[in-house]
Structure formats: C-alpha cells, structure tokens
Amino acid sequence: MHFQKKYKVKGILRRIEIKAISLDTDQHVRNTLAYIPKNAMDNGSSVYEYPWTGFRAMFSGISDPEDTRPVSQLSFREKVTIMHTGDKLTGVDWLLDSQDHLLPSSFCDKEYLEQAFNHDAAFFLRLVGGVNSAQMKHELEEKPYQMQSDSEYYKTVNELCKKWFMTEIPDLSEAQKIRILPYLFRTTKTTERQLARIVGMTPMRISEVLQRKEFC
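Draft legend 1. Just helix α8 (residues 150-165), in detail. If you check α8, its first and last C-alpha atoms are 21 Å apart, about what 16 residues at 1.5 Å a residue would give, namely 22 Å. Of the positions making up α8, those classed as buried are Y153, V157, N158, L160, C161 and F165. Seen end-on, α8 carries its buried residues on one side only, within an arc spanning 165 degrees. Seen from the open side of α8, the exposed residues pointing more than 90 degrees away from its buried face are K155 and K163. Tucked inside the fold, the buried residues of α8 contact α9 (174-187) and α10 (192-199).

Draft legend 2. Layout of the packing of aromatic side chains. Counted by the stated rule, this structure contains 6 aromatic pairs. Pairing W164 with F165 gives two aromatic rings, centres 5.9 Å apart and planes at 75 degrees, and the pair type is edge-to-face. Overall, W164 belongs to the partly exposed group, its relative accessible area being 29%. For F165, a relative accessible area of 13% translates into the label buried. In this structure an aromatic cluster arises from ring pairing among F59, F117, F123 and F124. The ring of F185 carries the charged tip of K19 above its face, separated from the ring centre by 5.8 Å.

Draft legend 3. Geometry of the nonpolar core. Counting 19 residues, the largest nonpolar core has V157, L181, L184, L195 and I206 as its most contacted members. Going through the elements one at a time, α8, α9, α10 and α11 (203-210) are the ones with two or more residues in this core. Beyond its immediate chain neighbours, meaning those up to four positions away, I206 contacts L181, E192, L195, A196, V199 and M201. If you look at the next biggest cluster of nonpolar residues, it comprises 12 residues, including V29, M58, C108 and V128.

Cut-offs used in this document
- Residues numbered from 1 in each chain as written.
- Predicted model: local features only at pLDDT ≥ 70, side-chain atom pairs only at ≥ 80, totals over all residues.
- Heavy atoms only, no water.
- Helix = DSSP H or I, 4+ residues; strand = E, 2+ residues; numbered from the N terminus.
- Expected span 1.5 Å × (residues − 1).
- Buried < 20%, exposed > 50% of the residue type's maximum accessible area, 1.4 Å probe, protein only.
- Arc of directions from axis to C-beta.
- Contact = heavy atoms within 4.5 Å.
- Phe/Tyr/Trp six-rings, centres within 6.5 Å; stacked < 30°, edge-to-face > 60°.
- Lys NZ or Arg CZ within 6 Å of the ring centre and 35° of its normal.
- Core = buried A, V, L, I, M, F, W, Y, C linked by side-chain atoms within 4.5 Å.

This is the structure we're talking about:
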C-alpha cells in the first residue's frame, strides 16, 4: 500500500507478505543498515560491487555520469528486460547508466545513511564487519514472520503497551487499543482472532479497526 500510494500505481502485489520493523534506537538502526551489505560479504561479494544495494553510493565521492536516463521513460519491452516488471514506473526517479545499471545514488538516501555513521566510512565498515548476521537475520527476517503462542504474544504486546502507554494490557483504554492494533498487525505475525484474545475485543471489532481508511 505504501508503494502504491507513493508512486500512484494500482494493482495487487501477489504472493508476498510484508512486515514493518520498528527501529527504535540508534544502535538498532546502524546494525540494520550494516546487516544489508554484510549479506553481500557473506556471499563472497564486495560491499561496493554488490549490484542490488544502494550502499554502493555511500562514501564513494563519485559524481553520477552525465549519460543517464530515468526508468520512467523506458518502453514496455525495456521495463520487462531491464527492470523485470511491466508495471507503470511514472514518477519513479531512479536512473540508469549507459550500461542500463541502476545508479545507487538515485534510489539511496546516502546523506541519511552516512550521517547515521557520523560521515565516517571506517565506522561504517567496522560495523559491517562486526555485525552478528545470525542475530540480525532472526530479528529482521525470521521473528516478524513467526507466529507466537498466546502466552508468548501476550508478553510481547504487554511490553509494547508499557513502552507506549506506560500501562499493561488490562488497563488499556479503547482509544489506546485502537491505536496499537494496526501497529501489531503490521509488525508481527498474528491474526484478528489472536489479537481479539490478547486485547479483549471481539474479532469483528478488531476487523473494523484494521479496515479503517486512516490505517490503510
């Protein structure tokens, strides 16, 4: 929904499930940013040569070439061949070089990424080399998609309630429940029935809350 709204495209992204992960500390943000290029290293590639990440734009100091073209101007056949999609790319401001490779600086906010590491390339590379890949894989790729038992999930939700509202689940107001439900549904593997059992609302009411337009 975020992608469709941002780029004003229509259609259904099929056979995928997306969870939004909350990065609530500077350390968590840095570890996550470092984990992505660490995947490249773990697979025998250089951080700066790995073609599927914007991290090649970080600390490079290299200006973009002059002979570029936007993906929004590709023909249908070119989109299929180069971008492997037939979707509309109108408004997508990514750029291709003369060899039809995506320019990392066109889709990567390198200023944000660099400031996260105090504009220090050595700081970034040290963290990339030292990040615990197994731990980050669990936190970012596995945990959000693992269904918890009701007792485990109650603890997870209760901790979040204490953090958000400084109160526990039994003391939540109706407004607080409505506020936290969409977040839980988007960030954890759960169901409307499990949410109903945990927060003490009916499945029908849970469904109504999750379908409200302001949460879409």
